[in-house]
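Summary of structural features
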Amino acid sequence: MNALANWFDDRTGYRAYLHETLYERIPGGARWRYVWGSTLVFTFTVQMITGLFLWMCYSPSSQTAWESVYYIQYEMQFGWFLRGLHHFTAQAMIVLLALHFMQIIIDGAYKAPREVNFWLGLILMQIVLGLSLTGYLLPWDQKGYWATQVATKLSTMVPVVGPQIQRLIVGGPNYGHHTLTRFFALHAGVLPTLLIGLLALHIYVFRRHGITAKDPNRAPETTFWPDQVLKDAVACLGVLLVVLVLIFWNAPQHSGELKELADSGRLGEVFGAELGAPADPTEQYSAARPEWYFLFLFQFLKFFKGQYEVYGAIYIPGGVMMFMFLMPFIGRWKLGHRFNLLYMSALIIGAMTLTWLAIDEDRDKDSYKAAVADAHMKSERIRELIEGRQGVGSEGAVALLRSDPKIHGPELFARHCAACHRFNAHDGMNVVPEEPATASDLGNFGTREWISGFITDPAGPAHFGATVNARFNGEPLGTRFTEGDMALWADENVESMSQREIDSVAEFLVAQGKRQDIAAVNAELATEGREFFENSNDNVQACVDCHAIQPDGEDEELGSIGMAPRLTGYGSEAWLRDFLSNPGAEHNYGERNAMPEFGKQLSDQQMEILVRFLSRNWYERPDNDANFEAVTAE
Amino acid sequence: MTDDSKSTYPLDMPEPNDPPQPVAASPLPVSETPQPAMVEPRRNFLSKSLAVVIGGIVTLVPFAAGLAVFTDPLRTRKKGSGNGDDDGFIKVATFDELPVGDPPQRFQVIDDRVDAWNMFPKEPVGTVYLSRSTEDEVLALCVTCPHVGCPVDYDTARHVFQCPCHNSSFKPTGEIDNQDSPAARGMDALEIKIKNKNEVWVKYQEFRPGTAEKIAEA
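Residues numbered from 1 in each chain as written. Chains lettered and ligands numbered in written order. Predicted model: local features only at pLDDT ≥ 70, side-chain atom pairs only at ≥ 80, totals over all residues. Heavy atoms only, no water.

Looking at an unreviewed UniProt entry, chain B carries the name Arsenite oxidase subunit AioB, with the source organism given as Symmachiella macrocystis.

If you look chain A up in an unreviewed UniProt entry, it shows as Menaquinol-cytochrome c reductase cytochrome b subunit from Symmachiella macrocystis. Annotation of chain A in UniProt includes, under Subcellular location (unreviewed entry), the sentence "Membrane". (UniProt positions renumbered as here; feature names shortened; annotations may be inferred.)

Right under this line is the structure:
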């Protein structure tokens, strides 16, 4: 073994290098205050290792970035742990950077002859911040997308070449594939290479001058190995433990279900770094905030209005930074060092105050809280949708979210329907409009309850009742529906119908829609209903006298159109689409219609979402379909 | 290289403000001149061991995490066919499309394709050769050459399957045709089911190339 070592040493001289590395003198003995530089090297090493492995799973494009991170976080075993390590070590690095900086200033280690190394340190700090900024965008979630937009838009304020700089960083006029390829190349290629090179220089120059001993006579001189190395290693272990705590922060909350989560491979849902909903340029995310260590800059910007913004964004932060480069010169004088200490303290206290102000302001803001809750809901929902579809389509995850009736149905209902209709007494978004409803409540549309309600009390408040408040073409609608044919029919006939007959017609109609949200149809009852629909009993006027219908599975249409809406496929998506598109068609309300035609107002996708929302056709995780039953319970 | 003797070396270290010493042309005699240790040996040994152990642990954690994720493909099971029946058979053709006799026909296999986070429902995922020697006798062959996995062509003039890469050739029944074929086994037959009297359903599988034995890929 020794012979091999000698052979190797003859050819490489590694012992001399190793010796120089390990036996650096430490006057005054090993101390805890010297550990910060080493912890930074350690955190950077962790970032290199975890980053390289993440690289093997990451795909930078606007249709795959979020999706690949999703796959890392939720599908790949231990992916959440790897990503958590990378995410939280990045945050630890910022804190360690601040501590290292403080120690250098306090110990006067920036003064001659160490100016160059201090400057190298300042540049390294910029690179680490650059890594943070570029890394924040890579998951391509709402938070990173919108927060980074602000950062790149600020770059347009750079005098003269601002817009060009922005376009170069973004890789085009808008965020897209090339924003990600560029940010990724910066994050994983350019910046780390620069960092490694400058870090090597930083350490080389540091070794040249030796450690700045705060108190050389404090203890006997020692060497880097093993005394300081041990202290450094313990400090690194401490950093790692903090990172692990951050990864497993939610563990106490989920202690009861840990085993279950692990067995079903769902640990990524509770541990590690957060992954928001996929970035969507059409969904403004008003809770977008930069990472906490940039919050002070975010808050600082609020003090600059209009044309003065450039001062808050560029001139002042740039000036503060440039001034730091002068600190070694100022520090030549005794008072100068004190000034530097004061300057540093002011900066740190200032940044902390601004950070606190930013957090405090958001804490009381309802719009912020609502946006955070909404983002949280959407990030859970997209997970359900991908599970339901067993993967993302080629158009990416954002398309799944955009076409989800559960999320966008209520929004569309509130925007297009709630001016007249209600959805279980609200507007679809749980807001009760001040104006009274002027049309039916569609919360239960197409269910047994809805249909039997319509048969027995068509002029009731949930059905035609509200139409008395409506105006059509400037004229009050009056009693066109509340005393219309259906209402008159109910007044005359319902009393002579048995409950079984009412239920059977409802069962028959419910069977026409073949909707997946309706509990299984009772075929016998439906057949009775079909019979009643066509022939009724002796005392009752038959449904087909007004309503045309081609019963499901039959070739012939019963009745004729022109009197009342045709009920073929009643309640189904096709029926709804036709009705919403053209309620005034002869086979719908015809001349009596008072509802706008939505065929031209809504895009095909919007119509699809609305129709699926009204017929409750959206994906639910198998374990939370309870809300279906609530609607359809008999 | 971490023996205690080296701790005597600080005495030889350059002064902090000295220019860096050029690397010695001949290696320093680090471990050849043991001298009494400056620090108490036991404590020093403990420090060194602890430093190595703790240093090892902290670097091992990110590396182990990375390896655990990197090896994920070894553990994840392939997802089942969404287009096939309960046994994984997929409908590939009907007898109308498959006349009796030569030559074998190539058919697309349509299945749900899972690619990491993506799921593409009902896409062509591969092809199979089907041939019908008699009215109700169907043979399904994997198009992949069992040699090293090139797709095999059918030579209609010579009535053999011919691999364009390394000249393996196979009879229409899939058996090895030439004596010096580099392939170690004949073409891989796929399990089939005939449903509704004229539908050919195939269990689409890939097999490990290069072995004499037919081993299905997981």
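Next, the rest of the story.
A word on the overall build of chain A. Helix and strand counts for chain A stand at 24 helices and 4 strands. Relative to the compact-globule value of 26 Å for 634 residues, chain A shows a C-alpha radius of gyration of 35 Å, a clear excess of over 25%. In chain A, which comprises 634 residues, the proportion classed as buried is 51%. Of the contacts formed within chain A by residues at least 6 apart in sequence, a portion of 67% connects residues at least 24 apart. When the accessible area of chain A is evaluated, it comes to approximately 30500 Å², of which 60% is carbon and sulfur surface. Counting 50 positive and 73 negative side-chain charges, chain A places the centres of these two groups 19 Å from one another. (Helix = DSSP H or I, 4+ residues; strand = E, 2+ residues; numbered from the N terminus. Rg over C-alpha atoms; globule rule 2.2 N^0.38 Å. Buried < 20%, exposed > 50% of the residue type's maximum accessible area, 1.4 Å probe, protein only. Contact = heavy atoms within 4.5 Å. Areas by Shrake-Rupley, 256 points an atom, 1.4 Å probe, with all protein chains shown as cover. Lys, Arg positive; Asp, Glu negative; His and termini not counted. Charge placed at Lys NZ, Arg CZ, Asp CG, Glu CD.)

All right, on to helix α8 (residues 162-170) of chain A then. Residues and elements named next belong to chain A. Residues Gly162, Gln166 and Val170 constitute the buried set of α8. Angular distribution of buried residues about the axis of α8 spans 60°; they occupy a single face of the element. Its buried side turned inward, α8 meets α7 (142-154) and α9 (177-209). (Arc of directions from axis to C-beta.)

Under the present numbering, the feature "domain: Cytochrome b/b6 N-terminal region profile" (unreviewed entry) in UniProt falls on residues 4-215 of chain A. Between the end C-alpha atoms of residues 4-215 of chain A the distance is 42 Å, and the span holds 74% helix and 1% strand.

All names here are of chain A. Scanning all chains against the criterion turns up 45 aromatic pairs over all chains. With a centroid separation of 5.0 Å and an interplanar angle of 55°, the aromatic rings of tyrosine 70 and tyrosine 74 are classed as tilted. Of the two residues, tyrosine 70 and tyrosine 74 both sit in helix α4 (residues 65-75), 4 residues apart, roughly one turn of that helix. In this structure tyrosine 74 comes out as buried when scored by relative accessible area, which is 13%. Consider the rings of tyrosine 311 and tyrosine 315, whose centres lie 5.1 Å apart with planes at 75°: the pair is edge-to-face. Linking tyrosine 311 with tyrosine 315, this pair stays in helix α13 (residues 309-330), spanning 4 residues, or about one helical turn. For tyrosine 315, a relative accessible area of 39% gives the class partly exposed. Counting every residue linked through ring pairs, the aromatic cluster contains Phe445, Trp450, Phe454, Phe464, Phe481, Tyr570, Trp575, Phe579 and Tyr589. The lysine or arginine in question, lysine 231, covers the ring of tryptophan 32, its NZ or CZ lying 5.5 Å from the ring centre. (Phe/Tyr/Trp six-rings, centres within 6.5 Å; stacked < 30°, edge-to-face > 60°. Lys NZ or Arg CZ within 6 Å of the ring centre and 35° of its normal.)

Moving on, we get to the pattern of salt bridges. For the structure on display, the rule yields 41 salt bridges over all chains. In this structure, B:Asp85 engages B:Lys195 in a salt bridge whose closest nitrogen and oxygen atoms are separated by 2.7 Å. With B:Asp85 in the loop between α2 (72-75) and β1 (89-94) and B:Lys195 in strand β8 (residues 192-195), this pair connects stretches of sequence that are 110 residues apart. Look at B:Lys195 and you get partly exposed, because its relative accessible area is 23%. Through salt bridges with shared partners, a single network forms among A:Arg266, A:Glu269, A:Glu380, A:Arg383, A:Glu387 and A:Arg621. (Salt bridge = Lys/Arg side-chain N within 4 Å of Asp/Glu carboxyl O.)

Two pairing modes exist for strands in a sheet, parallel and antiparallel, and in both the strands are linked by backbone hydrogen bonds. Spatially, 3 strands are ordered β5-β6-β7 (chain B) in an open sheet, and the strand pairing comes out antiparallel. If you trace the sheet from one side to the other, it starts and ends with β5 (153-155) and β7 (169-170) of chain B, each paired once. (Pairing = 2+ DSSP bridges.)

Turning our attention to a negative patch on the surface. Residue and element names in this part refer to chain A. Taken together, Asp457, Glu483, Asp491, Glu492 and Glu495 make up a surface patch of like negative charges. Residue placement: glutamate 492 occurs in helix α19 (residues 485-493). Judged by its relative accessible area of 58%, glutamate 492 is exposed. (Patch = residues over 30% accessible without salt bridge, like charges linked within 9 Å, V, L, I, M, F, W, Y side chains within 5 Å.)

Quick look at the sheet that holds strand β4 (residues 137-142) of chain B now. Residue and element names in this part refer to chain B. With antiparallel pairing, 3 strands are arranged side by side in an open sheet as β2-β3-β4. The sheet is open, and its two edges are formed by β2 (101-115) and β4, each paired on a single side. Here the strands of the sheet are splayed against their neighbours by 35° on average, with no regard to which way each runs. By the bridge criterion, 11 bridges tie β2 to strand β3 (residues 118-134) in an arrangement that is antiparallel. Note on β3: the bridge partner recorded for glutamine 105 is leucine 130. (Axes fitted to C-alpha atoms, helices over the stretch in contact; angles between N-to-C directions.)

A few words on the UniProt feature "domain: Cytochrome b/b6 C-terminal region profile" (unreviewed entry) in chain A. When the UniProt feature table is mapped onto this chain numbering, "domain: Cytochrome b/b6 C-terminal region profile" (unreviewed entry) sits at residues 214-359 of chain A. Helix and strand shares over residues 214-359 of chain A are 58% and 1% respectively, and the end C-alpha atoms of the span are 37 Å apart.

Residues and elements named next belong to chain A. Contact geometry of helix α17 (residues 405-417) with helix α23 (residues 604-614) gives a least axis separation of 8 Å together with a crossing angle of 100°. Classed by the angle they form, the pair α17 and α23 counts as roughly perpendicular. Two secondary-structure elements touch here, α17 through Pro405, His408, Gly409, Pro410, Leu412, Phe413, Arg415 and Cys417 and α23 through Gln606, Ile609, Leu610, Arg612, Phe613 and Leu614. Tallied by class, the residues present in the contact of α17 with α23 amount to 9 nonpolar, 3 polar and 2 charged. (Parallel < 35°, antiparallel > 145°, perpendicular 65-115°, else oblique. Nonpolar A, V, L, I, M, F, W, Y, C, P; charged D, E, K, R; others polar.)

Turning next to the environment of B:Phe170. Residue and element names in this part refer to chain B. Residue placement: phenylalanine 170 occurs in strand β7. Note: C-alpha distance between phenylalanine 170 and glycine 186 (16 residues apart in sequence) is 6.8 Å. In this view, phenylalanine 170 contacts Cys145, Pro146, Val152, Val160, Phe161, Glu175, Ile176, Asp177, Ala183, Arg185, Gly186 and Met187; residues no more than four positions away in its chain are not counted.

Attention shifts here to the state of the cysteines. Residue and element names in this part refer to chain B. Tallied over the full model, the rule gives 1 disulfide over all chains. Each disulfide pairs two cysteine sulfurs, and for cysteine 150 the partner residue is cysteine 165, the sulfurs being separated by 2.0 Å. Judged by the sign of its S-S torsion, about -100°, the bond between cysteine 150 and cysteine 165 is left-handed. Residue cysteine 150 is found in the loop between β4 and β5, and its partner cysteine 165 is found in the loop between β6 (160-162) and β7; the two are separated by 15 residues along the sequence. (Disulfide = S-S within 2.5 Å.)

With that out of the way, let us pick up a nonpolar patch on the surface. A cluster of nonpolar side chains, contributed by A:Met56, B:Phe63, B:Leu67 and B:Phe70, occupies part of the molecular surface with about 400 Å² of accessible area. In this structure, B:Phe70 sits in helix α1 (residues 41-70).

So, on to the packing of helix α6 (residues 115-137) of chain A against α7(A). Residue and element names in this part refer to chain A. Two numbers describe how α6 lies on α7: the axes approach to 7 Å, and their chain directions differ by 135°. By the criterion of interaxial angle, the relationship of α6 to α7 is oblique. Judged by residue contacts, Leu133, Tyr136 and Leu137 of α6 engage Lys143, Gly144, Tyr145, Ala147, Thr148 and Ala151 from α7. Broken down by class, the residue content of the contact of α6 with α7 amounts to 6 nonpolar, 2 polar and 1 charged.

All names here are of chain A. Phe101, Phe118, Leu195 and Met327 are the most contacted members of the largest nonpolar core, which totals 59 residues. With 13 residues, helix α5 (residues 79-106) is the largest single contributor of residues to this core. Residues within four places of phenylalanine 118 in sequence aside, it is in contact with Phe101, Ile104, Ile105, Tyr110, Met324, Met327 and Pro328. (Core = buried A, V, L, I, M, F, W, Y, C linked by side-chain atoms within 4.5 Å.)

As a further point, take the UniProt feature "domain: Rieske" (unreviewed entry) in chain B. The residues that UniProt annotates with the feature "domain: Rieske" (unreviewed entry) are residues 128-196 of chain B. Taken end to end, residues 128-196 of chain B has its terminal C-alpha atoms 21 Å apart, with 0% of it in helix and 36% in strand.

This part takes up the pairing of β3(B). All names here are of chain B. Linking two consecutive strands that pair antiparallel, namely β2 and β3, is a turn of 2 residues; a positive phi of about 50° is found at alanine 116 within it. Two elements, β3 and β4, share 6 bridges in a ladder whose sense is antiparallel. Bridge pairing links valine 128 to cysteine 142 in β4.

This next bit is on the confidence of the model for chain A. Residues with a pLDDT of 70 or more make up 98% of chain A, whose mean pLDDT is 92. Across residues 626-634 of chain A, where pLDDT falls below 50, the model places 14 contacts with residues more than four positions away in sequence or in other chains. (pLDDT = per-residue confidence, 0-100.)

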